[in-house]
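If you want the building blocks of each chain, they are given just below.
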Amino acid sequence: MFVDADICGLKVGDEHPVRIMGVINLSQESFYKSSVMNIDSILEKAHGMVDDGATILDIGARSTWLLAKPVISREEEMQRLVPALDILKDNVDVIISVDTMFADIAEKALELGADMINDVSGFKADERMLEVLVEHSCPAVAMATEKIPGDPIGMEAIMESLSDIIRQAHAKGMDTSKLVLDPAIGKWVPEKIPIYDFETIDQFERLKVFRKPLLAAISRKSCIDAVLHRQPEERLYGTLAATAIVVHKGAHIIRTHDVPQTMDVVKVAAAMRSRQSVVKENGFEVSVVNILNPEDAVRSMKDMGVTVTGAQIMKKKSISRVLRISNITTTEALIIKQEILARGGDAALERDAVSHETENTDILIMGTILQLEKLAKKLECQARNLPAISRMILHTLQLDDNVEHRYLREL
């Protein structure tokens, strides 16, 4: 799960500084009107971003905002981009990324000196996009997409979409070490309510399973508005709070309108995230792999060449949980300990539980999800309150995997 990539000569990964991608917004239809630049000020703005710490500039001329009106043509997008690229080419020492979904625009941009492409459709909008990327051997950001940009709803759909994008890129001959992954934070489709962005931000570390550079584009988006109820111009501090979270959870590139403020936040958050434990010696390598979700375990196993059947059998064996059961009798606690030990797990309870009966004791049970489910099944037909405890164990495991339970609350 260790990431060490080269993006146009820029080192990106777990052992390198978090990189800042400054937004050069040429779209009059943008949701964040204050960020729109005119062509006369673009070079000054670009120099300012680079001076403030940006190592990538992302130039976009088409708004992908859900409510953007009018929807411009490809010709208009090209007319906005070409002069900007002409101005920036050879005049600013930074990687130039072009935010477009269309192969002909990407091709023209690369010919004019752009270094990489940022495709929010995950190569779905234009089937020729991957051909252009392969031909130019250039890096690309691919955003989670099933059919239209950002349409996966929920973290599991995002993970599956990104898996599919990697497979598609590989099948088309792209060097997938040049891929940067974007989990599509934002209200890209009407059905996507804010809790799904909360889930993505909170579970951002799940994306590490792909072993690719990870980009977070949170800047002033609707999930910030859902909490603060403020216009884009007043969402800076909320954006910075969310940015700190994703950096701490593993983001390698932050796309932002606000470079200097983001730079400070990124430095602090990155300093406080832990390093992966890896030991290399004589050609061997041992590393700690922190997988928190059974489906991610399946992805890791399949990536290694494990059969689909084998991965499915082992997925619930790969994730462990510790549950605390409170206010039960010592007899019930001892039965639970005996049953979890019989299934390969373990349990901890108070020292004197064996010697005397009490009515209110607690027990910690430790095991894989499979072991805990088997324990619950066994307790179903036991005496005392153990059938109720069985139901509660299963319900707790279900809640732990329920997005509404975890993130839906009064804001």
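Computed from a predicted structure; not experimentally measured.

The rules behind the values
- Residues numbered from 1 in each chain as written.
- Predicted model: local features only at pLDDT ≥ 70, side-chain atom pairs only at ≥ 80, totals over all residues.
- Heavy atoms only, no water.
- Helix = DSSP H or I, 4+ residues; strand = E, 2+ residues; numbered from the N terminus.
- Buried < 20%, exposed > 50% of the residue type's maximum accessible area, 1.4 Å probe, protein only.
- Areas by Shrake-Rupley, 256 points an atom, 1.4 Å probe, with all protein chains shown as cover.
- Lys, Arg positive; Asp, Glu negative; His and termini not counted.
- Charge placed at Lys NZ, Arg CZ, Asp CG, Glu CD.
- Contact = heavy atoms within 4.5 Å.
- Patch = residues over 30% accessible without salt bridge, like charges linked within 9 Å, V, L, I, M, F, W, Y side chains within 5 Å.
- Salt bridge = Lys/Arg side-chain N within 4 Å of Asp/Glu carboxyl O.
- Axes fitted to C-alpha atoms, helices over the stretch in contact; angles between N-to-C directions.
- Parallel < 35°, antiparallel > 145°, perpendicular 65-115°, else oblique.
- Left-handed = near helix turned anticlockwise from the far one by under 90°.
- Nonpolar A, V, L, I, M, F, W, Y, C, P; charged D, E, K, R; others polar.
- 1 Å grid on protein atoms, 1.4 Å probe; cavity = no way out; pocket = protein on both sides within 12 Å on 5 of 7 lines; lining within 4 Å.
- Points joined across faces, edges and corners; volume = space filled by probe spheres on them.
- Pairing = 2+ DSSP bridges.
- Core = buried A, V, L, I, M, F, W, Y, C linked by side-chain atoms within 4.5 Å.
- Polar contact = N/O pair within 3.5 Å; in protein donor to acceptor, adjacent residues only side chain to side chain.

**Section: the overall build of the chain**
Part 1 of the reasoning: From N to C terminus, the chain includes 15 helices and 15 strands.
Part 2 of the reasoning: Each principal axis of the C-alpha atoms in the chain carries an extent, and together these give about 85 × 50 × 35 Å.
Part 3 of the reasoning: In the chain, which comprises 411 residues, the share counted as buried stands at 51%.
Part 4 of the reasoning: Accessible surface, the chain: about 19900 Å² in total, of which carbon and sulfur atoms supply 51%.
Part 5 of the reasoning: Mean positive and mean negative side-chain charge positions of the chain (49 and 62 charges, respectively) differ by 5 Å.

**Things to note about the environment of Ile-218**
Part 1 of the reasoning: By the element assignment, Ile-218 lies in the loop between strand E9 (215–217) and helix H7 (222–228).
Part 2 of the reasoning: By relative accessible area, which is 2% here, Ile-218 ends up buried.
Part 3 of the reasoning: When the C-alpha atoms of Ile-218 and Glu-156 are compared, they prove to be 19 Å apart, with 62 residues separating the residues in sequence.
Part 4 of the reasoning: If near-sequence neighbours (up to four positions away) are discounted, Ile-218 is found in contact with Ile-185, Ile-201, Ile-224, Thr-239, Ala-242, Thr-243, Val-246 and Arg-255.

**Side note on a nonpolar patch on the surface**
Part 1 of the reasoning: Judged by side-chain polarity, Val-322, Leu-364 and Met-366 come together as a nonpolar surface patch covering roughly 230 Å² of accessible area.
Part 2 of the reasoning: Secondary-structure assignment places Val-322 in strand E13 (residues 320–328).
Part 3 of the reasoning: Overall, the relative accessible area of 54% leaves Val-322 in the exposed class.

**Focus on the packing of helix H5 (residues 155–171) against helix H10 (residues 294–304)**
Part 1 of the reasoning: Where H5 contacts H10, the axes come no closer than 11 Å and their chain directions differ by 10°. As judged from the angle between their axes, H5 and H10 are roughly parallel. Crossing geometry of H5 relative to H10 is assigned as left-handed. Facing Glu-156, Met-159, Glu-160 and Ser-163 of H5, the residues of H10 in contact are Glu-295, Asp-296 and Arg-299.
Part 2 of the reasoning: When grouped by side-chain class, the residues that make up the contact of H5 with H10 number 1 nonpolar, 1 polar and 5 charged.

**Overview of empty space enclosed by the protein**
Part 1 of the reasoning: Here the structure, examined in full by the defined rule, presents 3 cavities of 30 Å³ or more.
Part 2 of the reasoning: Estimated volume of the second largest cavity: approximately 40 Å³.
Part 3 of the reasoning: Arg-62, Thr-64, Glu-77, Asp-99, Thr-100, Met-101 and Val-120 together form the lining of the second largest cavity.
Part 4 of the reasoning: Counted by class, the lining of the second largest cavity contains 2 nonpolar, 2 polar and 3 charged residues.

**Quick notes on the sheet that holds strand E14 (residues 346–349)**
In a beta sheet, neighbouring strands pair by backbone hydrogen bonds and run either parallel or antiparallel.
Part 1 of the reasoning: Spatially, the 3 strands line up as an open sheet ordered E13-E15-E14, and their pairing is antiparallel. Each of the sheet's edge strands pairs with one partner strand only, and the pair in question is E13 and E14. Going from strand to strand, the sheet's axes swing by 20° on average, the running direction of each strand aside.
Part 2 of the reasoning: Strands E13, E14 and strand E15 (361–368) of the sheet are contacted by helix H12 (residues 330–342), whose axis makes an angle of about 155° with E14.
Part 3 of the reasoning: Its contacts with the sheet put helix H14 (residues 386–400) on E13 and E15, and the angle it makes with E13 is roughly 140°.

**With respect to the packing of helix H2 (residues 74–88) against helix H3 (residues 103–111)**
Part 1 of the reasoning: Where H2 meets H3, the axes come as close as 10 Å, and the angle between the chain directions of the two elements is 15°. The angle between H2 and H3 falls in the class roughly parallel. Note that H2 runs across H3; the crossing there is right-handed. For the pair formed by H2 and H3, the contact residues are Arg-74, Glu-77, Met-78, Leu-81, Val-82 and Leu-85 on the first element and Asp-104, Ile-105, Lys-108 and Ala-109 on the second.

**Focus: the pattern of salt bridges**
Part 1 of the reasoning: By the definition in use, this model includes 30 salt bridges.
Part 2 of the reasoning: Residue Arg-128 pairs with Glu-107 through a salt bridge whose shortest N-O separation is 3.5 Å. Taken together, the residues Arg-128 in the loop between strand E6 (116–119) and helix H4 (129–136) and Glu-107 in helix H3 connect sequence positions 21 residues apart.
Part 3 of the reasoning: Overall, Arg-128 belongs to the partly exposed group, its relative accessible area being 33%.
Part 4 of the reasoning: Note that Lys-316 is salt-bridged to Glu-373, the shortest N-O span being 3.2 Å. Here Lys-316, found in the loop between helix H11 (308–314) and E13, pairs with Glu-373, found in helix H13 (residues 369–379); they are 57 residues apart in sequence, far enough to count as distant.
Part 5 of the reasoning: Overall, Lys-316 belongs to the partly exposed group, its relative accessible area being 31%.
Part 6 of the reasoning: Judged by its relative accessible area of 26%, Glu-373 falls in the partly exposed class.
Part 7 of the reasoning: Sharing partners across several salt bridges, the network here consists of Lys-124, Glu-156, Glu-160, Asp-164, Arg-167, Arg-206, Asp-296 and Arg-299.

**Details of the nonpolar core**
Part 1 of the reasoning: Counting residues in hydrophobic clusters, the biggest one holds 80 residues, and the most contacted among them are Ile-96, Phe-123, Leu-133 and Ile-254.
Part 2 of the reasoning: Broken down by element, the residue count for this core peaks at 7 residues, all from H5.
Part 3 of the reasoning: Once residues lying within four places of it in the same chain are set aside, the contact partners of Phe-123 are Met-129, Leu-130, Leu-133, Ala-140, Ala-142, Ile-165, Gln-168, Ala-169 and Leu-179.
Part 4 of the reasoning: Judged by nonpolar contacts, the second largest core, of 17 residues, contains Ala-347, Ile-365, Leu-386 and Ile-393.

**Re the environment of Asn-402**
Part 1 of the reasoning: On the secondary structure map, Asn-402 appears in the loop between H14 and helix H15 (403–407).
Part 2 of the reasoning: Judged by relative accessible area, which is 33%, Asn-402 ranks as partly exposed.
Part 3 of the reasoning: Within polar-contact distance, the side chain of Asn-402 engages the backbone nitrogen of His-405 at 2.8 Å.

**Quick look at unusual backbone geometry**
Part 1 of the reasoning: Non-glycine residue Ser-137 carries a positive phi angle of around 50°.
Part 2 of the reasoning: Examined against the element boundaries, Ser-137 turns out to sit in the loop between H4 and strand E7 (140–143).
Part 3 of the reasoning: We note that Arg-384 has phi near 60°; this positive angle belongs to a residue other than glycine.
Part 4 of the reasoning: Locating Arg-384 in the fold gives a position in the loop between H13 and H14.

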